[in-house]
Amino acid sequence: MNTPVTTAADSSVKPLRLLFTLALLGYVALYLGFQFLHWILPAQNTTLISRSQSAGFLDLFLMAFPLLAVLIATHMSPQLPGSKIFALVALIEYAAAIVFGGVTFLIGLGGLGWVDTFPETIDALGHVVLTIARLGLVALAGYAVLRVFLALGGRVTLPSALNPPA
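This text gives an overview of the structure that appears in the document.

Conventions used here
- Residue indices begin from 1 for each chain and proceed along its sequence in written order.
- Per-residue local features are limited, in this predicted model, to residues with pLDDT of at least 70; the limit for side-chain atom pairs, both in listing and counting, is 80 or more; totals at the level of whole chains, interfaces and linings are taken over all residues.
- The basis for the side-chain values is all heavy atoms of the structure; hydrogens and waters are excluded.
- Numbering of helices and strands starts at the N terminus; helices are DSSP runs of H or I of at least 4 residues and strands are runs of E of at least 2.
- In protein, a polar contact requires one atom able to donate a hydrogen and another able to accept it; more generally it is a pair of N or O atoms within 3.5 Å, and residues adjacent in sequence count only if both atoms are side-chain atoms.
- Contact between two residues is taken to exist if any of their heavy atoms lie within 4.5 Å; hydrogens are not considered.
- Burial classification: accessible surface area is computed with a 1.4 Å probe over protein chains only, and a residue below 20% of its type maximum counts as buried, one above 50% as exposed, and the rest as partly exposed.
- Axis lines are fitted through C-alpha atoms, for helices just across the contact stretch, and the angle between N-to-C directions can take any value from 0 to 180 degrees.
- Note on terminology: angles under 35 degrees are roughly parallel, angles over 145 are roughly antiparallel, angles of 65 to 115 are roughly perpendicular, and the others are oblique.
- For any pair of crossing helices, the crossing counts as left-handed if the nearer helix is rotated counterclockwise from the farther one by less than a right angle, and right-handed if it is rotated clockwise.
- Working definition of a nonpolar core: buried Ala, Val, Leu, Ile, Met, Phe, Trp, Tyr and Cys residues. They are joined through side-chain atoms within 4.5 Å.
- Take the number of residues in a helix, subtract one, and multiply by 1.5 Å to get its expected span.
- Every patch collects residues that have over 30% relative accessible area and no salt bridge, joining them within 9 Å if they carry like charges and within 5 Å if they are nonpolar side chains (Val, Leu, Ile, Met, Phe, Trp, Tyr).
- What sets the accessible areas is the Shrake-Rupley method with a 1.4 Å probe; for residues, cover comes only from the shown protein chains.
- When a carboxyl oxygen of Asp or Glu is within 4 Å of a side-chain nitrogen of Lys or Arg, the pair counts as a salt bridge.

**With respect to the side chain of T104**
- For T104, the location among the structural elements is in helix 5 (residues 83–108).
- Of note is the side chain of T104, whose polar atom sits 2.8 Å from the backbone oxygen of F100.
- Here the side chain of T104 touches G101 through a polar contact of 3.1 Å, landing on its backbone oxygen.
- With near-sequence residues (within four places) excluded, T104 lies in contact with W39, S52, A55 and F57.

**Some thoughts on the environment of Y143**
- Assignment of secondary structure puts Y143 in helix 6 (residues 118–151).
- Residue classification places Y143 among the partly exposed positions, given a relative accessible area of 45%.
- Y143 sits 52 residues away from L91 along the chain, and the two C-alpha atoms are 8.5 Å apart.

**Thoughts on the environment of A97**
- Tracing the chain through its elements places A97 in helix 5.
- Remark: the alpha-carbon pair of A97 and V138, spanning 41 residues in sequence, is separated by 7.6 Å.
- In this view, A97 contacts L32, F57, L58, L62, G102 and V138; residues no more than four positions away in its chain are not counted.

**Focus: the packing of helix 4 (residues 60–74) against helix 6**
- Relative orientation of the contacting elements helix 4 and helix 6 amounts to 20 degrees, with a least axis distance of 9 Å. In terms of orientation, helix 4 lies roughly parallel with respect to helix 6. The interaxial crossing formed by helix 4 with helix 6 has left-handed handedness. From helix 4, M63, L67, V70 and T74 reach across to helix 6, where they touch R134, L137, V138, A141, A144, V145 and V148.

**A few points about the nonpolar core**
- Membership of the largest hydrophobic core comes to 27 residues, with the highest contact counts inside it found for L32, L62, V70, V138 and V145.
- Of all the secondary structure elements, the ones that give two or more residues to this core are helix 2 (17–40), helix 4, helix 5 and helix 6.
- Filtering out sequence-adjacent residues up to four positions away, L62 remains in contact with V28, Y31, L32, F57, Y94 and A97.

**Observations concerning helix 2**
- Look at helix 2: 35 Å from first C-alpha to last across 24 residues, which is about the 34 Å you get at 1.5 Å a residue.
- Those residues of helix 2 not exposed but buried are R17, T21, L24, L25, V28, Y31, L32, Q35 and W39.

**So, a nonpolar patch on the surface**
- Together, L30, F34, F36, L37, I40 and L41 give the surface a local cluster of nonpolar side chains, amounting to about 580 Å² of exposed area.
- Position of L41 among the secondary structure elements: in the loop between helix 2 and helix 3 (48–53).

**Observations concerning unusual backbone geometry**
- Of the consecutive residues S77 and P78, the connecting peptide bond is found in the cis state with omega at -5 degrees.
- Tracing the sequence through the fold places P78 in the loop between helix 4 and helix 5.
- Positive phi outside glycine occurs at N45, with the angle close to 60 degrees.
- Residue placement: N45 occurs in the loop between helix 2 and helix 3.
- Here N45 falls in the exposed class, since its relative accessible area comes to 77%.

Remember, this is a structural readout, not a statement about activity or role.
Structure, rendered in structure tokens:
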């Protein structure tokens, strides 16, 4: 039988797990909100196509932060209370990233028709291939969070005090 080894470093970080989980999920929610505003609201000398091509709905930290938050909440013992809610929030964030990332990708394809030189062709091809890869990575991270959510019971229920009387 193996006994878990606890160190001073291990016990010094455990009280911060809830703070890290909330901070990671909160940052991604704020980032998605501001990216949406930046994408939707016109700026000077921009078009919807140019804003869609540079939209950051599929950034690297956006892929990693919700998954990291869920792993911190669920895979370190003891599991944080509210882990199911954290996993649900991460799922919502991934769904928003995939939907808005896919929409902006499709809209941004309209700006790739003006490719004239070989370097512009390489840039356009890189944009298409890397955006599809980022969509796949976000979907993979979302699938991992979905599996964790389902392993936790897969359903969020209201406390009995909030349920309407039958």
